[in-house]
Amino acid sequence: MRTFYIFKIKEEYAILTKDNPYHLFRLFLYIYNLEESEMENGIDLFTKISDVFNMKRIDIDIFKKYQDNYFYTKFKNVHKINNIYKKEDSTLVLHKRFLQLKSSVVNPVFIQDLEDISNLFFCDFINKDYFWLDNLISFT
């Protein structure tokens, strides 16, 4: 099971790091690993780099798309697909400043639902994996 944290990067930082996302990943990894005593500085840095999500719009769009799907469930800001035929178990949790996507497959269905949002940066801190969503879409 992979866990991706999805950040909406502010335009000016996206332009600076689009060609070299490693630096952005290292910055988020640094913030992710901060001690509690350093958290205030980390939050300031995080809010300078990342933008807020329109949670209500994302929540409604995903619900409308999957509401009739037998494999879909929703509770508050948590969307879940458990497709036994495709062996996909994916959970998307919506937060104001980031999204959390846990999935048992390489290409979860929820990624397609985020394609319209610009400057999305995915980080898997455990597996040290990161990518821009628009690079993934253009690659496939």
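Criteria and thresholds
- Residues numbered from 1 in each chain as written.
- Predicted model: local features only at pLDDT ≥ 70, side-chain atom pairs only at ≥ 80, totals over all residues.
- Heavy atoms only, no water.
- Helix = DSSP H or I, 4+ residues; strand = E, 2+ residues; numbered from the N terminus.
- Rg over C-alpha atoms; globule rule 2.2 N^0.38 Å.
- Buried < 20%, exposed > 50% of the residue type's maximum accessible area, 1.4 Å probe, protein only.
- Areas by Shrake-Rupley, 256 points an atom, 1.4 Å probe, with all protein chains shown as cover.
- Lys, Arg positive; Asp, Glu negative; His and termini not counted.
- Charge placed at Lys NZ, Arg CZ, Asp CG, Glu CD.
- Polar contact = N/O pair within 3.5 Å; in protein donor to acceptor, adjacent residues only side chain to side chain.
- Contact = heavy atoms within 4.5 Å.
- Expected span 1.5 Å × (residues − 1).
- Arc of directions from axis to C-beta.

Participant: How would you explain the overall build of the protein if you had to name every residue and give the values?
Facilitator: Counting its regular elements, the protein contains five helices and eight strands. When the elements of the protein are put in sequence order from the N terminus, they spell out β-α-α-α-β-α-β-β-β-β-β-β-α. In terms of overall dimensions, the protein is globule-like: its C-alpha atoms have a radius of gyration of 15 Å, near the 14 Å expected for 140 residues. By principal-axis analysis of the C-alpha atoms, the protein measures approximately 45 × 35 × 25 Å. Residues classed as buried in the protein amount to 40% of the 140 residues present. Within the structure as shown, the protein displays about 8,800 Å² of accessible surface, and the carbon and sulfur contribution to it stands at 53%. Averaged over its 19 positive side-chain charges, the protein has a centre that lies 4 Å from the centre of its 20 negative ones.

Participant: So what about the side chain of S90? Which residues, and what values?
Facilitator: With respect to the helices and strands, S90 occurs in strand β5 (residues 88–94). Residue classification places S90 among the buried positions, given a relative accessible area of 0%. A distance of 2.7 Å separates the side chain of S90 from the side chain of S103, its partner in a polar contact. Look past the residues within four positions of S90 in its chain and what remains in contact with it is H79, K80, I81, K102, S103, V105, P108 and F110.

Participant: A description of helix α2 (residues 21–32) should follow, citing residues and the corresponding values.
Facilitator: With 12 residues, α2 extends 16 Å from end C-alpha to end C-alpha; this agrees with the ideal 16 Å at 1.5 Å per step. Those residues of α2 that fall on the buried side of the exposure criterion are P21, L24, F25, F28, L29 and I31. When α2 is viewed along its axis, its buried side chains cluster within an angular range of 160° and face the same direction. Among the structural elements, β1 (2–9), α1 (11–17), α3 (39–49), β7 (120–124) and β8 (129–132) are those in contact with the buried residues of α2.

Participant: Can you explain unusual backbone geometry? Please cite residues and give values.
Facilitator: You will see that K76, though not glycine, has its phi angle at about 55°, which is positive. Mapped onto the secondary structure, K76 falls in the loop between β3 (72–75) and β4 (78–83). Taking relative accessible area as the criterion, K76 reaches 62% and is therefore assigned exposed. Positive phi values are uncommon outside glycine, yet N119 reaches one of about 60°. Structurally, N119 can be placed in the loop between β6 (99–103) and β7.

Participant: Report on helix α4 (residues 55–66), specifying residues and quantitative values.
Facilitator: The periodicity of an α-helix, 3.6 residues per turn, causes residues three or four positions apart to be oriented the same way. A rise of 1.5 Å per residue sets the reference length of α4, with its 12 residues, at 16 Å; its end C-alpha atoms lie 17 Å apart and thus fit the reference within 8%. Looking only at α4, the buried set comprises I58, D59, I62 and Y66. Seen end-on, α4 carries its buried residues on one side only, within an arc spanning 100°. Seen from the open side of α4, the exposed residues pointing more than 90 degrees away from its buried face are K56 and K64. Buried positions along α4 lie against β3, β4 and β5.

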